Amino acid sequence: LFGAYAMKKYPAIARAVVLLDVAAADLANIGREPTLYNYGRLFRYGLTYQYLNIFFYWCSRIPGVRYLLRSLPFNYSAAWPYWNLHRDHLVHAMLRLLGYRWLPSWQTSPVQQFPPCPTLFVWGTAKPRSMTFHKPAFVEELEARTDGSRACAMDAGHWVMNDLDMFPDAPEYMKAGILKPGRPDELHAHMDEFLGDMQGKGVLQAPADCQGMQSAL
């Protein structure tokens, strides 16, 4: 999320980027003005799981309650980005009705393409549609670029980089869906191919010390 904000404000900050399972710059109001009308998609994610995470985030800030939450398998203090997204959207939308701004203009100003640099996007296809964090048009836009960008689907859940059974007691439908383990070897192959292509195009250049380390290995 914060890397996306940095790339919007400073487009030259990254020469290439890898996105894992999440590519929804519009939900972060990058390149668009948040309004009550375009809150719908974020609202659906809120109903699915984010509002509950936000509730427990604020509970985790209450003395005494936070110790009770430590027995849960999640760190709800890490849910702050969800609160940030919903707060920014709704506060900005309401203030704009009064002629004021909440979000900076550099964030909401239109952008022709985002990310602004060559991009590898890898996502899991085992998740339900309600938990898909990109639009089909984003994949089409990446594939249409001529800068080496590409999109790769994997038979995995949300955490495509992790092959662990993180929640053994979860329902089977979740284990076969959003919690389905990824395949790190396949992900690394996609990344190696993409980054190698970027080096071949001169977009990236491996530092000498990294080259020496690779030779030693």
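Residues numbered from 1 in each chain as written. Predicted model: local features only at pLDDT ≥ 70, side-chain atom pairs only at ≥ 80, totals over all residues. Heavy atoms only, no water.

### Observations concerning the overall build of the protein chain
Here is step 1 of the chain: Per the secondary structure count, the protein chain includes nine helices and five strands.
Here is step 2 of the chain: In sequence order, the secondary structure elements of the protein chain are arranged as α-β-β-α-α-α-α-β-β-α-β-α-α-α.
Here is step 3 of the chain: Along the three orthogonal principal directions, the C-alpha set of the protein chain runs to about 50 × 50 × 35 Å.
Here is step 4 of the chain: Counting all 217 residues of the protein chain, 39% fall into the buried class.
Here is step 5 of the chain: Considering only intrachain contacts with a sequence separation of at least 6, the fraction spanning at least 24 residues in the protein chain is 72%.
Here is step 6 of the chain: Accessible area of the protein chain: about 12900 Å², with a carbon and sulfur share of 61%.
Here is step 7 of the chain: Between the mean site of the 21 positive side-chain charges and the mean site of the 19 negative ones, the protein chain shows a separation of 11 Å. (Helix = DSSP H or I, 4+ residues; strand = E, 2+ residues; numbered from the N terminus. Buried < 20%, exposed > 50% of the residue type's maximum accessible area, 1.4 Å probe, protein only. Contact = heavy atoms within 4.5 Å. Areas by Shrake-Rupley, 256 points an atom, 1.4 Å probe, with all protein chains shown as cover. Lys, Arg positive; Asp, Glu negative; His and termini not counted. Charge placed at Lys NZ, Arg CZ, Asp CG, Glu CD.)

### Considerations on the pairing of strand E3 (residues 119–124)
Here is step 1 of the chain: Counting buried residues along E3, six of its six residues qualify, which places the element largely inside the surrounding structure.
Here is step 2 of the chain: The pairing of strand E1 (residues 17–20) with E3 spans four bridges and is parallel. Residue pairing across strands places Leu 20 opposite Val 122, the latter belonging to E3. (Pairing = 2+ DSSP bridges.)

### Comments concerning the packing of aromatic side chains
Here is step 1 of the chain: Going through the model one piece at a time under the given rule, you end up with 13 aromatic pairs.
Here is step 2 of the chain: Aromatic side chains Phe 55 and Phe 56 sit 5.4 Å apart centroid to centroid with 70 degrees between the ring planes, which places their arrangement in the edge-to-face category.
Here is step 3 of the chain: Among the aromatic residues, those joined into a cluster by ring pairs are Tyr 45, Tyr 49, Tyr 82 and Phe 133. (Phe/Tyr/Trp six-rings, centres within 6.5 Å; stacked < 30°, edge-to-face > 60°.)

### Some details on helix H8 (residues 184–200)
Every α-helix carries 3.6 residues per turn, so stepping three or four residues along brings you back to the same face.
Here is step 1 of the chain: The terminal C-alpha atoms of H8 lie 24 Å apart, and with 17 residues this matches the ideal 24 Å at 1.5 Å per residue to within 8%.
Here is step 2 of the chain: Those residues of H8 that sit buried are Pro 184, Leu 187, His 190, Phe 194 and Met 198. For H8, the buried positions fall inside an angular range of 130 degrees around the axis, keeping them on one side. In H8, the exposed positions angled more than 90 degrees off the buried face are occupied by Asp 185, Asp 192 and Gly 200.
Here is step 3 of the chain: Buried residues belonging to H8 abut E1, E3 and strand E5 (150–154).
Here is step 4 of the chain: A positive backbone phi angle near 85 degrees is found at Gly 202, which sits one or two residues after H8. (Expected span 1.5 Å × (residues − 1). Arc of directions from axis to C-beta.)

### A word on the pairing of E5
Here is step 1 of the chain: Of all five residues making up E5, four are buried, and the element is well covered by its neighbours.
Here is step 2 of the chain: Here E3 runs beside E5; their pairing, made up of five bridges, is parallel. Residue pairing across strands places Val 122 opposite Cys 152, the latter belonging to E5.

### Topic: the side chain of Asp 21
Here is step 1 of the chain: In this structure, Asp 21 sits in the loop between E1 and strand E2 (22–23).
Here is step 2 of the chain: Within the local environment of Asp 21, its side chain forms a polar contact with the side chain of His 158, the two groups lying 2.6 Å apart. (Polar contact = N/O pair within 3.5 Å; in protein donor to acceptor, adjacent residues only side chain to side chain.)

### Focus on the nonpolar core
Here is step 1 of the chain: Membership of the largest hydrophobic core comes to 28 residues, with the highest contact counts inside it found for Leu 19, Ile 30, Phe 121, Phe 138 and Ala 151.
Here is step 2 of the chain: Elements supplying a minimum of two residues to this core: helix H1 (2–9), E1, helix H2 (40–59), E3 and helix H6 (136–144).
Here is step 3 of the chain: Those residues in contact with Ile 30, other than ones at most four positions away along the chain, are Ala 4, Tyr 5, Lys 8, Ala 25, Gln 107 and Phe 114.
Here is step 4 of the chain: Grouped together as the second largest cluster of nonpolar side chains are ten residues, Leu 120, Met 154, Val 160 and Leu 187 included. (Core = buried A, V, L, I, M, F, W, Y, C linked by side-chain atoms within 4.5 Å.)

### So, unusual backbone geometry
Here is step 1 of the chain: Between Phe 114 and the following residue, Pro 115, the backbone shows a cis peptide bond with an omega angle of -5 degrees.
Here is step 2 of the chain: For Pro 115, the location among the structural elements is in the loop between helix H5 (105–108) and E3.
Here is step 3 of the chain: Located in the positive-phi region is Asp 21, a residue other than glycine, with phi close to 70 degrees.
Here is step 4 of the chain: With a phi close to 55 degrees, Asn 29 is a non-glycine residue in the positive phi region.
Here is step 5 of the chain: Within the fold, Asn 29 resides in the loop between E2 and H2.
Here is step 6 of the chain: For Asn 29, a relative accessible area of 2% corresponds to the buried category.

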